[in-house]
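# Descriptive structure summary
Spelled out from the first residue to the last, the chains are:
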Amino acid sequence: MAESTADISTGTAGEIEFRHVTKHYPGRRQAAVNDLSLSIPAGEICVLVGPSGAGKTTAMKLVNRLIDLSEGEILIDGRDVTKMNQTELRRGIGYVIQQVGLFPHMTVADNVATVPRLLGWERSRVRARVRELLELVGLDPDEDGSRYPAQLSGGQRQRVGLARALAADPPVMLMDEPFGALDPITRERLQNEFLRLHDEIRKTVIFVTHDIDEAIKMGDKIAILREGGVLAQYASPEDILTRPADDFVAQFVGADRALKRLALSRVGDLELLDSAPDAADSPVLTPDTSLRDALSQILTEDGRPLPVQENGAVRGYVSVQLVTRALQPERVQA
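### Quick look at the environment of Asp211
Turning to its location among the elements, Asp211 is positioned in the loop between strand E8 (204-208) and helix H9 (212-218). The exposure class of Asp211 is partly exposed, given its relative accessible area of 21%. In sequence terms Asp211 and Phe252 are 41 residues apart; their C-alpha atoms lie 10.0 Å from each other. Contacts of Asp211, omitting those with residues within four sequence positions, involve Val49 and Arg187.

See the structure below:
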């Protein structure tokens with residue numbers, strides 16, 4: 001059957017559906033992905049996570065046909081990707097990888113402009129888009145735009161890779177361990193930056209990682225895969241932490257599930273104490289501080305309640321008891 005030339009980058013929302021998807025490689029007895037079915041609503045981040053050999057990256061690459069599936073269907077907004085023109089399909093999907101893959105002989109601005117130029121955008125539109133995206137990812141268009149990849153730090157290169165993936169405003173983004181090669185501080189900074197960006201741009205994202213903590217932080221939904229690409233559980237981070245499907249999921253998530261749950265909630269979600277003794281000269285928390293970080297700071301301060309400040313005013317105080325009460329089953333949201 002001839003491939004459709006429809007371009008998914010225009011007029012689409014980006015819902016992705018895997019229907020009984022299987023991938024066999026020649027010479028291997030075990031499937032890389034085995035009967036995978038799940039649906040990713042438009043605008044959500046789905047994180048694929050699992051041990052080595054679980055088929056995470058294979059499943060992701062099936063979406064933009066870097067790898068061809070053996071059985072089943074993958075639909076984007078109801079259209080079978082195998083029936084679409086391969087070039088047009090890929091131009092409508094942003095792709096970010098750990099190694100970034102920037103063109104070393106091209107400037108930052110030219111790297112970001114690659115896909116819009118391939119799409120035949122006018123020069124003025126390309127320049128405006130490059131400038132907009134560099135500012136969006138926290139780079140200076142005037143200072144950084146003329147630099148070359150070798151002149152950038154690892155975190156800066158990753159930002160350029162993200163800007164390039166967003167250049168043609170694709171409805172779908174694929175991210176293969178994009179922050180895995182970065183140091184912990186830079187990694188956390190870029191995770192937070194991407195979540196902030198996602199609140200604005202609302203792309204449908206498939207995000208691959210081997211790190212369950214990153215999956216919990218980044219995902220609206222998490223798909224935990226077993227070896228051989230079998231889906232073990234597909235649910236929200238809260239559901240996976242509170243109701244793991246089986247022993248495999250529970251062991252993969254880890255014995256510290258309760259602490260991981262604290263990373264999902266914020267101090268501002270609590271009913272704070274009106275007052276607290278010995279809180280003077282204490283470190284100040286904000287409503288956006290995670291309960292996990294709040295608990296860590298409280299324990300560092302010998303268990304003293306800490307003030308929560310917003311716009312220069314103290315809203316209340318948070319204690320160890322308030323944090324631990326948030327872990328009680330009746331407070332878990334469905």
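There's plenty left to go through after this.
### Here's the deal with unusual backbone geometry
Phi at Arg65 takes a positive value of approximately 60 degrees, unusual for a residue other than glycine. Within the fold, Arg65 resides in the loop between helix H1 (56-63) and strand E4 (71-76). Overall, Arg65 belongs to the buried group, its relative accessible area being 11%. Look at Glu177: it is not a glycine, yet its phi comes out positive at around 45 degrees.

### Notes on the sheet that holds strand E7 (residues 172-176)
In spatial order, the strands read E6-E7-E8-E3-E9-E10; together these six strands make up an open sheet with mixed pairing. Lying at the two open borders of the sheet, with one neighbouring strand each, are strand E6 (93-97) and strand E10 (230-235). The average angle at which neighbouring strand axes cross in this sheet is 15 degrees, direction not considered. Across four bridges, the pairing between strand E3 (residues 45-49) and E8 is parallel. If you follow Leu48 over to E8, its bridge partner there is Val208. Its contacts with the sheet place helix H7 (residues 154-166) against E6 and E7, and it is angled at close to 165 degrees to E6. In the packing of helix H8 (residues 184-201) onto the sheet, the strands contacted are E3, E7 and E8, and the crossing angle to E3 comes to about 140 degrees.

### Some remarks on H8
With 18 residues, H8 extends 25 Å between its outermost C-alpha atoms, agreeing within 8% with the 26 Å of an ideal straight helix rising 1.5 Å per residue. Those residues of H8 that sit buried are Thr186, Arg187, Leu190, Gln191, Glu193, Phe194, Leu197 and His198. Looking at the buried residues of H8, the elements they touch are E3, helix H5 (123-136), H7, E7, E8 and H9. Between a side-chain oxygen at the N-terminus of H8 and the backbone nitrogen of Ile185 the separation is 3.2 Å; the capping residue is Asp183. One or two residues past the end of H8 sits Arg202, with phi positive at roughly 50 degrees.

### Some remarks on empty space enclosed by the protein
Counted under the stated rule, the structure contains one cavity of 30 Å³ or more. By volume, the largest cavity is sized at about 70 Å³. In terms of lining, the largest cavity is formed by Val96, Gln158, Arg159, Leu162, Met175, Phe179, Leu190 and Glu193. Mapped onto the lining of the largest cavity, the elements with two or more residues apiece are H7 and H8. Across the lining of the largest cavity, the residue classes break down as five nonpolar, one polar and two charged.

### With respect to the layout of surface pockets
Volume-wise, the largest pocket comes out at about 740 Å³. In terms of lining, the largest pocket is formed by 27 residues, of which the most central are Gln191, Asp213, Lys217, Ala263 and Arg266. Going through the elements one at a time, H8, H9 and helix H13 (291-300) are the ones with two or more residues in the lining of the largest pocket. The element contributing the most residues to the lining of the largest pocket is H8, with eight residues. Looking at side-chain class alone, the lining of the largest pocket contains eight nonpolar, five polar and 14 charged residues.

### Let's talk about the pattern of salt bridges
Per the stated rule, a full pass over the model turns up 22 salt bridges. Two residues, Lys83 and Asp80, come together in a salt bridge whose shortest N-O distance is 3.3 Å. Salt bridges sharing common partners tie together Glu17, Arg19 and Glu73.

Conventions adopted
- Residues numbered from 1 in each chain as written.
- Predicted model: local features only at pLDDT ≥ 70, side-chain atom pairs only at ≥ 80, totals over all residues.
- Heavy atoms only, no water.
- Helix = DSSP H or I, 4+ residues; strand = E, 2+ residues; numbered from the N terminus.
- Buried < 20%, exposed > 50% of the residue type's maximum accessible area, 1.4 Å probe, protein only.
- Contact = heavy atoms within 4.5 Å.
- Pairing = 2+ DSSP bridges.
- Axes fitted to C-alpha atoms, helices over the stretch in contact; angles between N-to-C directions.
- Expected span 1.5 Å × (residues − 1).
- Polar contact = N/O pair within 3.5 Å; in protein donor to acceptor, adjacent residues only side chain to side chain.
- 1 Å grid on protein atoms, 1.4 Å probe; cavity = no way out; pocket = protein on both sides within 12 Å on 5 of 7 lines; lining within 4 Å.
- Points joined across faces, edges and corners; volume = space filled by probe spheres on them.
- Nonpolar A, V, L, I, M, F, W, Y, C, P; charged D, E, K, R; others polar.
- Salt bridge = Lys/Arg side-chain N within 4 Å of Asp/Glu carboxyl O.

Functional significance is not addressed by these values, which are geometric in nature.
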